[in-house]
Amino acid sequence: MTRRAVLALLAGLACAVPSQAQDRPAVTVHAERAWIRLPPAGRTVTAGFLDIVNEGASPIRVVGARSSAAGTIELHEMAQDNGMMRMRQIRGIDVPAQGRVALAPGGLHLMLFDLPAPLSVGTPVRLTLLLADGASVDVVAEVRTPTPSR
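Residues numbered from 1 in each chain as written. Predicted model: local features only at pLDDT ≥ 70, side-chain atom pairs only at ≥ 80, totals over all residues. Heavy atoms only, no water.

**Student:** Teacher, can you tell me more about the side chain of threonine 128 here?
**Tutor:** Among the secondary structure elements, threonine 128 is positioned in strand β9 (residues 124–131). Ignoring sequence-local partners within four residues, the contact set of threonine 128 consists of Gly64, Ala65, Arg66, Ser136, Val137 and Asp138. (Helix = DSSP H or I, 4+ residues; strand = E, 2+ residues; numbered from the N terminus. Contact = heavy atoms within 4.5 Å.)

Shown next as structure tokens:
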């Protein structure tokens with residue numbers, strides 16, 4: 001086979017094989033309105049809130065989160081228990097296809113434990129949401145003071 005024929009064959013194969021970028025599914029999950037509650041002075045625990053948006057055709061499940069701004073992050077919910085609101089850790093948050101789930105004060109939220117350094121208002125905090133399928137979603141949340149309108 002001539003050199004020209006080999007090059008033509010290789011060029012044809014390169015066009016026929018999809019690139020890695022084409023093999024990867026488009027990102028269909030993202031976060032909106034992400035914020036972290038400013039903890040009281042001296043406290044190393046706080047909460048995080050955001051909307052998880054799934055624009056995909058399949059439901060997704062958030063199973064955890066991580067950040068260098070916290071030693072541990074847990075998924076939590078507030079729920080009625082014998083007439084009292086109680087907070088408890090949960091294993092996952094399901095987000096329907098073409099849907100969204102709000103993590104908000106008084107409901108689903110993230111709990112950030114063992115903060116290695118104090119947080120200050122306006123500071124961005126980078127978080128990564130971990131999905132059941134092994135994918136992850138990067139989020140930037142702003143530290144805010146809690147207000148009734150949020």
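**Student:** Would you mind showing me how to read unusual backbone geometry here?
**Tutor:** Most peptide bonds adopt trans geometry, and most residues besides glycine take a negative phi value. Residue glutamine 98 is not a glycine yet carries a positive backbone phi of 55°. Counting through the fold element by element, glutamine 98 comes out in the loop between β6 (93–95) and β7 (99–103). Judged by its relative accessible area of 60%, glutamine 98 falls in the exposed class. The phi torsion at aspartate 114 lies on the positive side, around 55°, for a residue other than glycine. Structurally, the position occupied by aspartate 114 is in the loop between β8 (109–113) and β9. (Buried < 20%, exposed > 50% of the residue type's maximum accessible area, 1.4 Å probe, protein only.)

**Student:** Can you walk me through the packing of aromatic side chains in this structure?
**Tutor:** The description of an aromatic ring pair rests on the distance of the ring centres and on the angle between the ring planes. Counting across every chain of the model gives one aromatic pair. Measuring from centroid to centroid gives 4.7 Å for tryptophan 35 and phenylalanine 49, while their planes differ by 40°, and the two rings are tilted. Separated by 14 residues along the polypeptide, tryptophan 35 in strand β1 (residues 29–37) and phenylalanine 49 in strand β2 (residues 46–54) bring together distant segments of the chain. Take tryptophan 35 and phenylalanine 49: they sit in the same class, and that class is buried. (Phe/Tyr/Trp six-rings, centres within 6.5 Å; stacked < 30°, edge-to-face > 60°.)

**Student:** What should I look at first to understand the pattern of salt bridges in this one?
**Tutor:** Applying the stated criterion across every chain, the model contains seven salt bridges. When the shortest N-O distance is used, the salt bridge between arginine 88 and glutamate 77 registers 2.4 Å. Placement of the pair is arginine 88 in strand β5 (residues 84–89) and glutamate 77 in strand β4 (residues 72–81), with a sequence separation of eleven residues. When its relative accessible area of 48% is taken as the criterion, arginine 88 is described as partly exposed. (Salt bridge = Lys/Arg side-chain N within 4 Å of Asp/Glu carboxyl O.)

**Student:** I'm lost on the nonpolar core in this one. Help?
**Tutor:** As a rule of thumb, soluble globular proteins bury nonpolar side chains together. In this structure, Ile36, Ile52, Val62, Leu110, Leu112, Leu127 and Leu129 are the most contacted members of the largest nonpolar core, which totals 29 residues. Setting aside residues up to four positions removed in sequence, isoleucine 36 forms contacts with Thr46, Ala47, Gly48, Leu112, Leu119, Val125, Leu127, Ala141, Glu142, Val143 and Arg144. (Core = buried A, V, L, I, M, F, W, Y, C linked by side-chain atoms within 4.5 Å.)

**Student:** Looking at this structure, how should I read the side chain of serine 67?
**Tutor:** The residue serine 67 is located in the loop between β3 (60–66) and β4 in this model. Polar side-chain contacts of serine 67 include one of 2.6 Å to the backbone oxygen of arginine 126. Discounting chain neighbours no more than four positions away, the residues touching serine 67 are Ile73, Val125, Arg126 and Leu127. (Polar contact = N/O pair within 3.5 Å; in protein donor to acceptor, adjacent residues only side chain to side chain.)

Honestly, that's just the spatial picture; any functional story needs more than this.
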